[in-house]
Amino acid sequence: MVTLKNLSFTYSAADSKSLDGINLTIHDGECVVFTGLSGCGKTTLTRVLNGLCPQFYEGVLEGEYSIDHKNARAMAAGELSHYWGSVFQDPRSQFFARRVRDEIVLAMENACFDRPHMERRLHEVCTLLEITHLLDEDMMYLSSGEKQKVAIASSLILQPKVLILDEPTSNLDIQGAKILVEIIKKIKGRGISIIISEHRLDLFKEVTDRFLYVDK
């Protein structure tokens, strides 16, 4: 699904590379966890994969990057977004709407899908994540776990081939983290590849195929 060859990235105005000579293959339906000390580059690696580097966070990207056997470096952000779903460390930072229903379908509206298709996908995703009862709720009054579920739903609505979660347990208690793992199992069961940047590794042992340690 994803192949990186000798990939490096340097942020604008930085004195050194944040990523240097990364070689990596991620297979269809595989769950991979990136781990390592804070500042090691794992978040930058996820930003390169979903196109935020260098299309939003400016810098110099070198090397080869392909997704689903296509040259990802030649794709515009809009095209790349059909391959990737992303859930940020703080889900609130990726929300745009006040109502749950509006937030989840926003990406489909931007991609000009017809209403019946949007309604069908909304039902499928909310049923998968068990959040149908939240559709008409105000985003401001959701719990941290509920906000994360909405962020995951909005990331899955375009049926991406890969889902990225950046430190998804950082705002969750242990019960919330266990619920998240069960959600990841369901998503993986749909054949979607999953990439997680995380420190709390023990929680993900039963769903992860590989743990990759990022150093320097």
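Described in the following lines is the structure provided in the data block. Quick caveat: nothing in here was measured; it's all calculated off a predicted structure.

1. Digging into the side chain of Lys42
Now for step 1: Structurally, Lys42 can be placed in helix α1 (residues 42-49).
Now for step 2: Engagement of the side chain of Lys42 in a polar contact is seen with the backbone oxygen of Gly36, the distance being 3.0 Å.
Now for step 3: When sequence neighbours within four positions are dropped, the list of residues in contact with Lys42 reads Phe34, Thr35, Gly36, Leu37, Glu167, Ser197, Glu198, His199 and Val214.

2. Things to note about the pairing of strand β1 (residues 2-11)
Now for step 1: By the criterion of burial, β1 is predominantly enclosed, with seven of the ten residues buried.
Now for step 2: In the sheet, β1 pairs with strand β2 (residues 19-26) via five bridges, with the strands oriented antiparallel. Its bridge partner lying in β2, Val2 is registered against Ile26.

3. Observations concerning the nonpolar core
Now for step 1: One finds Ile104, Ile152, Ile187 and Phe204 to be the most contacted residues of the largest nonpolar core, which totals 41 residues.
Now for step 2: Elements with a contribution of two residues or more to this core: β3 (31-35), α4 (100-110), α5 (115-129), α6 (144-156), β7 (162-166), α7 (174-189) and β8 (193-197).
Now for step 3: Discounting residues that sit within four places of it in the chain, Ile187 has contacts with Leu128, Ile152, Leu156, Leu163, Ile192 and Ile194.
Now for step 4: Within the second largest apolar cluster, 29 residues are counted, among which are Leu24, Leu45, Cys53 and Val162.

4. Overview of the side chain of Glu103
Now for step 1: Here Glu103 is to be found in helix α4.
Now for step 2: Despite its burial, Glu103 pairs with no opposite charge, the nearest such side chain being Arg98 at 9.9 Å.
Now for step 3: A polar atom in the side chain of Glu103 sits 2.9 Å from the backbone nitrogen of Ala97.
Now for step 4: If near-sequence neighbours (up to four positions away) are discounted, Glu103 is found in contact with Gln94, Phe95, Phe96, Ala97, Met139, Val150 and Ser154.

Cut-offs applied
- Residues numbered from 1 in each chain as written.
- Predicted model: local features only at pLDDT ≥ 70, side-chain atom pairs only at ≥ 80, totals over all residues.
- Heavy atoms only, no water.
- Helix = DSSP H or I, 4+ residues; strand = E, 2+ residues; numbered from the N terminus.
- Polar contact = N/O pair within 3.5 Å; in protein donor to acceptor, adjacent residues only side chain to side chain.
- Contact = heavy atoms within 4.5 Å.
- Buried < 20%, exposed > 50% of the residue type's maximum accessible area, 1.4 Å probe, protein only.
- Pairing = 2+ DSSP bridges.
- Core = buried A, V, L, I, M, F, W, Y, C linked by side-chain atoms within 4.5 Å.
- Lys, Arg positive; Asp, Glu negative; His and termini not counted.
- Salt bridge = Lys/Arg side-chain N within 4 Å of Asp/Glu carboxyl O.

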